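Structural overview
Listed below are the residues making up each chain.
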Amino acid sequence: MPATPLAPASAPALRLAKALDRVVRGWSGRCVLRVETPVDPVDPLRWVARQKGAPVHYWRGRGDDEARAGVGAALTIDARSLTDADAVDDLMGSLPAGARLFATARFDAAAEVGEEWAAFGAVRVVLPRVELRSDGRTARLAVHLAPGESPTVAHAALAALCGPAPEAEGELALPYMRRDDPARAEWDRMLRWSLAAFEDGDLEKVVLARRARFSFEEPVDAAGLLQRLEAATPRCYHALTSPDGESAFLTATPERLVRIDGRELSTEAVAGTRPRSETDAADDALRAELMASEKDRREHVYVRDAIADALAPLAERVEVDSEAGAMTLARGRHLHTGIRATLPASTGVLDVLRALHPTPAVGGTPTPEALDAIDRLEPFDRGLYAGPIGWIGRDERGREAADLAVGIRSGLVDGRTLSLYSGAGIVAGSDPASEWAEIEHKIGDFARVLGLDARVEA
Ligand SMILES: C=C(O[C@H]1C=CC=C(C(=O)O)[C@@H]1O)C(=O)O
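No experiment lies behind these values; they were computed from the predicted model shown. (Residues numbered from 1 in each chain as written. Predicted model: local features only at pLDDT ≥ 70, side-chain atom pairs only at ≥ 80, totals over all residues. Heavy atoms only, no water.)

**Considering the packing of helix α1 (residues 12-24) against helix α4 (residues 151-159)**
Stated formally: Only the contacting stretch of a helix is used when fitting its axis, a line to C-alpha atoms as for every element, and angles between N-to-C directions run 0 to 180 degrees. Numbering of helices and strands runs from the N terminus, with a helix taken as a DSSP run of H or I at least four residues long and a strand as a DSSP run of E at least two residues long. When an angle is under 35 degrees it counts as roughly parallel; over 145 it counts as roughly antiparallel; between 65 and 115 it counts as roughly perpendicular; any other value is oblique. Only heavy atoms enter the contact rule, under which two residues are in contact if any of them lie within 4.5 Å. When residue character is reported, Ala, Val, Leu, Ile, Met, Phe, Trp, Tyr, Cys and Pro are called nonpolar, Asp, Glu, Lys and Arg charged, and the others, Gly included, polar.
The contact between α1 and α4 brings their axes to 10 Å, and the two run at 170°. Classified by the angle between their axes, α1 and α4 sit roughly antiparallel to one another. Across the interface between the two elements, A13, L16, A17, L20, D21 and V24 of α1 pack against P151, A154, H155 and L158 of α4. Among the residues forming the contact of α1 with α4, the class breakdown is 8 nonpolar, 1 polar and 1 charged.

**Overview of the environment of A67**
Relative to the elements of secondary structure, A67 occurs in strand β3 (residues 67-79). Separated by 65 residues in the primary sequence, A67 and L132 place their C-alpha atoms 8.3 Å from one another. Dropping the residues within four chain positions of it, A67 is found in contact with P44, Y58, W59, R60, L132, R133 and S134.

**Concerning the pattern of salt bridges**
Put simply, the rule is: We define a salt bridge as a contact between a side-chain nitrogen of Lys or Arg and a carboxyl oxygen of Asp or Glu at a distance within 4 Å. For each residue, the accessible area found with a 1.4 Å probe, counting protein chains only, is set against the maximum for its type, and the residue is called buried under 20%, exposed over 50%, and partly exposed in between.
The tally for this structure, following the rule as stated, stands at 43 salt bridges. Between K442 and E438 there is a salt bridge whose closest N-O contact spans 2.8 Å. With K442 and E438 both in helix α11 (residues 432-442) and 4 residues apart, the pair spans about one turn of that helix. As far as the burial class goes, K442 and E438 line up, both buried. One continuous salt-bridge network, built from bridges that share partners, spans R34, E36, E66, R68, E131, R133, R140 and E396.

None of the figures reported here should be taken as evidence of function without further support.
Shown next as structure tokens:
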């Protein structure tokens, strides 16, 4: 179907362009300008799927009615690492109410960058040129100008907007090839190495990941894949980022890294896993097995304690759920502990990110030794897998705010290939075959959407 321009004479894009011309006259040009207008509701994921510009971003927070998509960039900041990101702090200070930066960070900014991840940067924040937010009943189209920019660039971006793609339906093409890194024998060696390191006392936990790479005859439609994943993975965060319109990272992750509303922070420990079952009795038994598992609880407690310890020096108050509960997803279940904190005004979003990432839900304990082990053992670059992904910025009242997930259960689309990434927490007592199967089940959300479940779960 040809793309329908969203900008005939009376259309929202033209209205927004006129509003921009009015507002820009009173703009000092010293800080970011944001102008928005109400538009008819449209699904931001379907909308962004059709836009021609780059980069594109999409985000729907867990339990959020509102989804958000952005196309183009009014501002992009690339930092080498979270500890070397002062420019992001400066930009946060100049954002108007309601402006949000799409934010991503590599799992390990110090690790060697794989070619397939080169376009994504180490730590990147983007203020979209044009942004669409919609909760299905209402929607707003917004445009941003960076300090000192001429409105001409915004006019060009608005004139180039296209209407939304149709709803994704029908079967996706099947891949003709699958390659696993590591292969099974290498995985067993990685586990043996880790179990020996636990015995030596150098390491207590390490989260090891696998990559399953699928090759297709045709380019993979990342937005179409995410549309289907949204339907298949309720209670998850959904995000997509494509820096160049060619490769795209997408995630359907259950795990919150941090949410900040003014001074109130909420985060969580998510670690310890069982699949779900079709029948109630078997599902209840699996739940009971998870809740009673000494090994899963140990795996979980490393995460809970590390998060609480990381927040303690930053926060005025830290509150941790007294008992781990169950996080129940469509096909799996995790041990879950909610953690909340109140931050002093002097603690910013980036301070929190630096302290929290990577938690032992994706790294391990102690963190430096676990990162070394991951670097040494995993035969691929994690890139954005297991890194922070989400937004940081200002809420409608102008307070600092953020919502970031941990980019697990994720995939990298690169032309005709789709690489899926998932990991499992390894502690003393872990069994290579069970951990391999756990990861296979975790990539199953994507695999089912691709119509691959029979082959993948076999
Ligand atoms: C690292 C992943 O999952 C983490 C989050 C929940 C449960 C986990 C586990 O039980 O191993 C992992 O710590 C992943 O899915 O890639």
